[in-house]
Amino acid sequence: PRDRMARQCIRFYETQTSIALDGILGLVVGFLVIYHVDVVQQIFKTIWDFFHMKMLRNNIGWLETFPVGFKLNVALTQSMGTQISFLLNLHDFMTSSILTLLDTIGGGIVSMTGITTAATIPSSQQLLLMGIGCIGCTFGFLTMTAFVFDILRMV
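Analysis parameters
- Residue positions are counted from 1 within each chain, in the order its sequence is given.
- Restriction of local features to residues with pLDDT of at least 70 applies here, the model being predicted, together with a cutoff of 80 or more for giving and counting side-chain atom pairs; totals for whole chains, interfaces and linings are based on all residues.
- Hydrogens and water molecules were not included; the side-chain quantities draw on all heavy atoms of the structure.
- In DSSP terms, a helix is any run of H or I states spanning at least four residues, a strand is any run of E spanning at least two, and both are numbered starting from the N terminus.
- Whether a residue is buried, partly exposed or exposed follows from its accessible area with a 1.4 Å probe, protein chains only, as a fraction of its type maximum: under 20%, in between, or over 50%, in that order.
- Note on contacts: a residue pair is in contact if any heavy atoms of the two residues lie within 4.5 Å.
- Methods summary: accessible areas were calculated by the Shrake-Rupley approach with a probe of 1.4 Å, and residue burial reflects only the protein chains presented.
- Stacked, tilted and edge-to-face pairs are distinguished by plane angle, under 30 degrees for stacked and over 60 for edge-to-face with tilted covering the rest, among Phe, Tyr and Trp rings (Trp via its six-membered ring) whose centres lie within 6.5 Å.
- By definition here, a helix of n residues has an expected span of 1.5 Å times n minus one.
- Charged-residue counts in this description rest on Lys and Arg as positive and Asp and Glu as negative, His and the chain ends being excluded.
- Basic side-chain nitrogens of Lys or Arg form a salt bridge, by our definition, when they fall within 4 Å of a carboxyl oxygen of Asp or Glu.

Undergrad: Whenever I open this one, the overall build of the chain confuses me. Can you help?
TA: A count of helical and extended segments in the chain gives five helices and zero strands. The order of helices and strands in the chain, counted from the N terminus, is α-α-α-α-α. Sorting the 155 residues of the chain into buried and exposed places 18% on the buried side. At a minimum sequence separation of 6, the contacts of the chain that also span at least 24 residues come to 63%. By element, 72% of the accessible surface of the chain is carried by carbon and sulfur atoms, the whole surface being about 11,600 Å².

Undergrad: Sorry if this is basic, but what is going on with the packing of aromatic side chains here?
TA: The way to describe two aromatic rings as a pair is by their centre distance and the angle between their planes. Under the definition given, this model contains two aromatic pairs. For the ring pair Phe-12 and Tyr-13, a centre distance of 5.3 Å and an interplane angle of 70 degrees mean the geometry is edge-to-face. Note on Tyr-13: relative accessible area 53%, which makes it exposed. Ring geometry for Phe-31 against Tyr-35: centres 6.0 Å apart, planes inclined by 20 degrees, an arrangement best described as stacked. With Phe-31 and Tyr-35 both in helix H1 (residues 2-35) and four residues apart, this pair spans about one turn of that helix. Phe-31 sits in the partly exposed class, given a relative accessible area of 39%. By relative accessible area, which is 63% here, Tyr-35 ends up exposed.

Undergrad: Is there a simple way to explain H1 in this structure?
TA: Since the α-helix turns once every 3.6 residues, residues separated by three or four places project in the same direction. Here H1 spans 49 Å end to end across 34 residues, near enough to the 50 Å set by a 1.5 Å rise per residue. Looking only at H1, the buried set comprises Asp-22, Gly-26, Gly-30 and Val-33.

Undergrad: Explanation requested: the side chain of Asp-22 in the structure shown.
TA: With respect to the helices and strands, Asp-22 occurs in helix H1. Although buried, Asp-22 forms no salt bridge, and the nearest oppositely charged side chain, Arg-11, lies 19 Å from it.

If you want it as structure tokens, here you go:
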């Protein structure tokens, strides 16, 4: 019975400690995201450009040649590379169009409320990052990372 009580106490304090650390880390990261939204936006843009532009597009060229030494049908691999490149360009166009539309709609809503200077109108990306920071402050770090992961899966 004594071992069992010790295990229960350890499990209880472990749970309480993880909840406290999640909350504290969520507050710290959430406030950092909210107060430094421009820096966080630039970091995400740099990471996105690296993965999307460099890695994906460079690997399309690898696909069009002889991947892993396999001698594939050259016309087929070039056709696949062209189609994948077209889909990446279409994805870029659609996401930039949606973000531009959201910025236009958001700017119109903010200007209707009386704020007219362009410097005070945050972009939709900045509003999304501020929302992510608020989620981190309210629900903790794990919920914030799960939300970011879900958003990235949708994109």
